[in-house]
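Residues per chain are reported as follows:
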Number of protein chains: 2
Amino acid sequence: MKALKIKALKIPEATIIRLSVYSRYLDYLVKKGVATVSSGEIAEGVNSSPAQVRKDLAYFGEFGTRGVGYNVQNLHKEILNILGLEQKWGVIIVGGGNLGTALTQYKGFQERGFVIKAIFDNDEDKIGTKLGDIPIYAVSEMEEYISKEKIKMAIVAVPSRYAQEVVNKLVEADIKAIMNFAPRVITVPKEIELRNVDLAVNLEVLTFNLKNKN
Amino acid sequence: MKALKIKALKIPEATIIRLSVYSRYLDYLVKKGVATVSSGEIAEGVNSSPAQVRKDLAYFGEFGTRGVGYNVQNLHKEILNILGLEQKWGVIIVGGGNLGTALTQYKGFQERGFVIKAIFDNDEDKIGTKLGDIPIYAVSEMEEYISKEKIKMAIVAVPSRYAQEVVNKLVEADIKAIMNFAPRVITVPKEIELRNVDLAVNLEVLTFNLKNKN
């Protein structure tokens, strides 16, 4: 296996998302004790094509050996490394309503090394309490917390009308990456990574498929 | 504008997701009173390229007029039609915990014509009550409700360990499309449309970008 080298600067986002999917499948193979895997087997495991798997991996160097396939453990580790998941990431959630509460309990974050460190809310009844092990602080304490704890990532789970204001505060507090759930156009300076999660899009892929079946 | 005709049977999912994004931008233009738009302007509005916009639309026929661009209202309507959004869709949620509750309040669903009709849960304290206007029923009543109300779509927002069992019940009840939030491998018969929402993937796109900046 050659050393990791990012060949192209512009990696399609769809590739990154597929890498994330491959790594979950490889994790499953590692746990099953599988030693080597072909691009065809990966493709079958994640419902893709072997050519797609090879193309996605080719952005990052040469991982496999022709005729032998990929070493499962190495490839798994390399992909996690590419995704920045060789470390744990502390994440804060702004908004301690139903969505914020649901996210503190979301197993999918912990499994991938994302650790919810604190929630920030403006509700006096919530401030100073905990959700499980996770403390709820006032939004006014956010900037100091981010700086002190060196937090880089935040999840915005506030009602839409407050989302831009909260994002502005996070940017001032020097956060680097934001995942926003508010279905509203949010603007950030271009050095900030912003990802809008639009849950309705998932339903639209389903309605498209329902409509265009047969 | 030529009549809508789906040229290729296999439309990439990334195209469907982008159509969804284009339609939101076109909705914004309709509300602003803009009459025509070029692929370049759409691309700029959604942070894509003109070639990508044209390629995505080309799957579905010829919408624009060379040198004039697209009629905003027509294109908006055509894309909603392609996505199956010319009608409203009744949706049920299984699981009335924090996530299910958050989803009943999610504005992004209503805006796109998805109407949450009912929640199903096993908690005796919740059954028979309402979340806002939305009734909570027992899971044992689900099959009859789906049949009576002709529901085609369901959202699964139960703890991971119950997800497959709930999905099996939905399939038996003849549901056609399922959006699943449990970060676990779920299997369905191949005639059922299943979409797994993995919220951690969004954070992984952010960590990838943070790691590979510069």
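In this text, all values refer to a predicted model and were calculated from it rather than measured experimentally.

K.L.:
How should the overall build of chain A be read in this particular structure?
P.N.:
Broken down by element type, chain A carries nine helices and nine strands. With respect to the three principal axes, the spread of C-alpha positions in chain A is 60 × 45 × 35 Å. In chain A, which comprises 214 residues, the proportion classed as buried is 48%. Summarising the internal contacts of chain A: among those between residues at least 6 apart in sequence, 58% fall at separations of at least 24. When the accessible surface of chain A is summed, it comes to about 10900 Å², and 49% of that surface belongs to carbon and sulfur atoms. Each charge class in chain A can be summarised by its mean position, and for the 29 positive and 25 negative side chains these summaries are 8 Å apart.

K.L.:
Just to check I follow, could you spell out the interface of chain A and chain B for this structure?
P.N.:
Interfaces are often sized by the accessible area lost when the parts come together. At the junction of the two partners, chain A supplies 58 residues and chain B supplies 58 residues. When the two sides are added together, the surface that chain A and chain B hide from each other amounts to roughly 5300 Å², 69% of it contributed by carbon and sulfur. Sorting the residues of chain A by area buried against chain B places L203, E204 and F208 of chain A first, and these three jointly supply 13% of that buried surface. Between the two partners, chain A and chain B, sit ten salt bridges. For the salt bridge of E204 of chain A with R24 of chain B, the shortest nitrogen-to-oxygen distance reads 2.6 Å. Our enumeration of links across chain A and chain B arrives at 26 residue pairs in polar contact (both at pLDDT 80 or more). Taken together, the elements giving at least two residues each to the side of chain A that touches chain B come down to α1 (13-32), α4 (72-82), α5 (98-104), α6 (107-111), β7 (153-156), β8 (177-180), β9 (193-196) and α9 (199-211) of chain A. Counting residues per element, the side of chain A that touches chain B draws most heavily on α9 of chain A, at 13 residues.

K.L.:
Quick question: what am I supposed to make of the packing of aromatic side chains here?
P.N.:
Given two aromatic rings, their pairing is described by the distance between the two centres and the angle made by the two planes. Tallied over the entire structure, the rule returns 14 aromatic pairs over all chains. Ring geometry for F60 of chain A against F208 of chain B: centres 6.2 Å apart, planes inclined by 85°, an arrangement best described as edge-to-face. On the criterion of chain membership, the pair formed by F60 of chain A in the loop between α3 (50-58) and β2 (70-71) and F208 of chain B in helix α9 (residues 199-211) is interchain, its members lying in two chains. We note that F60 of chain A, like F208 of chain B, is buried.

K.L.:
Just checking my understanding: could you explain unusual backbone geometry for this structure?
P.N.:
When glycine is set aside, most residues are seen to have a negative phi, and most peptide bonds are trans. The residue K150 of chain A is not glycine, and still its phi comes out positive at about 55°. Structurally, K150 of chain A is set in the loop between α7 (142-149) and β7. Phi at N47 of chain B takes a positive value of approximately 65°, unusual for a residue other than glycine. Structurally, N47 of chain B is set in the loop between α2 (39-46) and α3 (50-58). On the accessibility criterion, N47 of chain B (73% relative accessible area) is exposed.

K.L.:
Help me understand the nonpolar core in this model?
P.N.:
When a protein is soluble and globular, its nonpolar side chains tend to lie buried together. In this structure, F109, I155 and L199 of chain A together with F109, I155 and L199 of chain B are the most contacted members of the largest nonpolar core, which totals 102 residues. Setting aside chain neighbours within four positions, we find I155 of chain B in contact with L203 of chain A together with V91, I92, I93, V94, L103, F109, I116, M179 and F181 of chain B.

K.L.:
Help me understand the domain arrangement of chain A in this model?
P.N.:
If you check the domain split of chain A, you get domain 1 (13-82) and domain 2 (89-201). Between domain 1 of chain A and domain 2 of chain A, the C-alpha centre-to-centre distance is 32 Å.

K.L.:
Even after reading the chapter, I still don't get helix α2 (residues 39-46) of chain A, so can you show me in this structure?
P.N.:
Working note: α-helix, 3.6 residues per turn, so residues spaced by three or four point in the same direction. Residues and elements named next belong to chain A. Buried within α2 we find S39, I42, A43 and V46. The buried residues of α2 all sit within an arc of 100° when viewed along its axis, so they share a single face. Against α1, β1 (36-37), α3, β2 and α4 lie the buried residues of α2. In the segment just after α2, N47 is the residue with positive phi, at about 60°.

Thresholds, definitions, all that
Residues numbered from 1 in each chain as written. Chains lettered and ligands numbered in written order. Predicted model: local features only at pLDDT ≥ 70, side-chain atom pairs only at ≥ 80, totals over all residues. Heavy atoms only, no water. Helix = DSSP H or I, 4+ residues; strand = E, 2+ residues; numbered from the N terminus. Buried < 20%, exposed > 50% of the residue type's maximum accessible area, 1.4 Å probe, protein only. Contact = heavy atoms within 4.5 Å. Areas by Shrake-Rupley, 256 points an atom, 1.4 Å probe, with all protein chains shown as cover. Lys, Arg positive; Asp, Glu negative; His and termini not counted. Charge placed at Lys NZ, Arg CZ, Asp CG, Glu CD. Buried area = accessible area lost by both parts, 1.4 Å probe. Salt bridge = Lys/Arg side-chain N within 4 Å of Asp/Glu carboxyl O. Polar contact = N/O pair within 3.5 Å; in protein donor to acceptor, adjacent residues only side chain to side chain. Phe/Tyr/Trp six-rings, centres within 6.5 Å; stacked < 30°, edge-to-face > 60°. Core = buried A, V, L, I, M, F, W, Y, C linked by side-chain atoms within 4.5 Å. Domains from an automatic or database assignment. Arc of directions from axis to C-beta.

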